[in-house]
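Structural description and commentary
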Amino acid sequence: DIAGVKSGDRIAEIDGTSTENMPIDKAVQLIRGKVGEVVTLTVVREGASELRKIDIKRGVIDIPTIDTETRDGVFIISLYNFSAQSPNLFREALKKFIEYDGNYLVLDLRNNPGGFLEAAIDTASWFLPAGKIVVTEDLGGKDAPRVHRSKGYNIFTDKLKMVILVNEGSASASEILAGALAENGVAKLVGTQTFGKGSVQELIKITPDTSLKVTIARWLTPNGNSISKEGLTPDVEVKMDEKDVLEGIDTQLERALEIVKEQ
């Protein structure tokens, strides 16, 4: 975002090399490089008529796990990944929310690629009674499904009004958490269709130099919907407005702030 690349941009070229049919690991390899060197990305932006060339100086990226802020009487938690540290950090963020003494909460999971399953289950447990299904691991009929349930921290009453922001970058553990809270009636989903990363994969070694990645299970929401089929559909679809982005306005967040107060 600092360099000018926005969420939803599609990379058409990397230093003049077309990305058509290019594997993700190859694209990552081309984008990465020595700190201080410049890589030029040609991007396609939704709503824009022309390609954009953006020069990015390579650097060390420090990705935070969580941020909190308040806006117009609403407490906002932005969770960027589900790391080993995120359960403790999320608990501290909830303490701040409780101290804030409000009822409106927006959880921003946009562009959160996921991470540890246990971190997602722990986060969901703050909002769900013990035993409520968070996600089911469907093993394709070979074995009984593995059902992952809430630990039952469940510290909030029905006074809590909650919205979860999602987009096409919300994947895996983000979709598990968002699906669990939406289908259990805790939160409304606002934004755009999520990524659809709902499979469990295992790397099987074939030879000393080759391995095969095999899908061994799929994640199902509490209502039995497969996350990997098409991701999660938000209750209220809100796309980012190109003009607003250029002016520094977060269209999706602004709408989420309105919706959480309408509940």
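Here is a short report on the structure shown in this document. (Residues numbered from 1 in each chain as written. Predicted model: local features only at pLDDT ≥ 70, side-chain atom pairs only at ≥ 80, totals over all residues. Heavy atoms only, no water.)

**Here's the deal with helix α4 (residues 173-183)**
Structural remark: α-helix, 3.6 residues per turn; residues separated by three or four positions point the same way. Most of α4 sits out of view: nine of its 11 residues are buried. All of the buried residues in α4 are Ala173, Ser174, Glu175, Ile176, Leu177, Ala178, Gly179, Ala180 and Leu181. Two residues or fewer past α4, glycine 185 is found with a positive phi of approximately 75°. (Buried < 20%, exposed > 50% of the residue type's maximum accessible area, 1.4 Å probe, protein only. Helix = DSSP H or I, 4+ residues; strand = E, 2+ residues; numbered from the N terminus.)

**Notes on the pairing of strand β6 (residues 74-79)**
Extensive coverage of β6 is indicated by the burial of six of its six residues. Because side chains alternate across β6, one face comprises the buried residues Val74, Ile76 and Ser78, and the other comprises Phe75, Ile77 and Leu79, equally buried. Two strands pair when backbone bridges link them, and strand β5 (residues 66-71) and β6 are joined in this way by six bridges, in the antiparallel orientation. Residue pairing across strands places glutamate 69 opposite isoleucine 76, the latter belonging to β6. Linking two consecutive strands that pair antiparallel, namely β5 and β6, is a turn of two residues; a positive phi of about 50° is found at aspartate 72 within it. By the bridge criterion, four bridges tie β6 to strand β7 (residues 104-108) in an arrangement that is parallel. Across the sheet, residue phenylalanine 75 finds its bridge partner in β7, namely leucine 105. (Pairing = 2+ DSSP bridges.)

**Side note on the packing of aromatic side chains**
Enumeration according to the criterion identifies six aromatic pairs in this entry. Note on phenylalanine 75 and phenylalanine 97: the rings are 5.4 Å apart at their centroids and 40° apart in plane angle, and the pair reads as tilted. Taken together, the residues span a long stretch of sequence, with phenylalanine 75 in strand β6 and phenylalanine 97 in helix α2 (residues 86-100) at a distance of 22 residues. Overall, the relative accessible area of 5% leaves phenylalanine 75 in the buried class. An aromatic cluster is defined as three or more aromatic residues linked by ring pairs; in this entry it consists of Phe75, Phe90, Phe97, Tyr100, Phe127 and Phe156. (Phe/Tyr/Trp six-rings, centres within 6.5 Å; stacked < 30°, edge-to-face > 60°.)

**Points about the environment of aspartate 250**
As for its position among the elements, aspartate 250 is in the loop between α6 (242-246) and α7 (251-262). Classification of aspartate 250 by relative accessible area gives partly exposed; the value is 22%. On a C-alpha basis, the gap between aspartate 250 and leucine 181 in space is 23 Å, while along the polypeptide they are 69 residues apart. With residues up to four places along the chain from it excluded, the contact list for aspartate 250 reads Arg110 and Met240. (Contact = heavy atoms within 4.5 Å.)

**As for the nonpolar core**
Core analysis: the biggest nonpolar cluster contains 41 residues, and Ile77, Phe90, Leu107, Phe127, Met162, Ile164 and Leu181 have the highest contact counts within it. When residues of this core are traced back to their parent elements, those giving at least two are β6, α2, β7, α3 (117-125), β8 (133-138), β10 (161-166), α4 and β13 (210-220). Top element by residues in this core is α4. It accounts for six residues. Setting aside its immediate chain neighbours within four residues, methionine 162 contacts Leu105, Leu107, Phe127, Leu181, Val186, Ala187, Lys188, Val260 and Gln263. Judged by nonpolar contacts, the second largest core, of 12 residues, contains Val106, Val190, Leu257 and Ile259. (Core = buried A, V, L, I, M, F, W, Y, C linked by side-chain atoms within 4.5 Å.)

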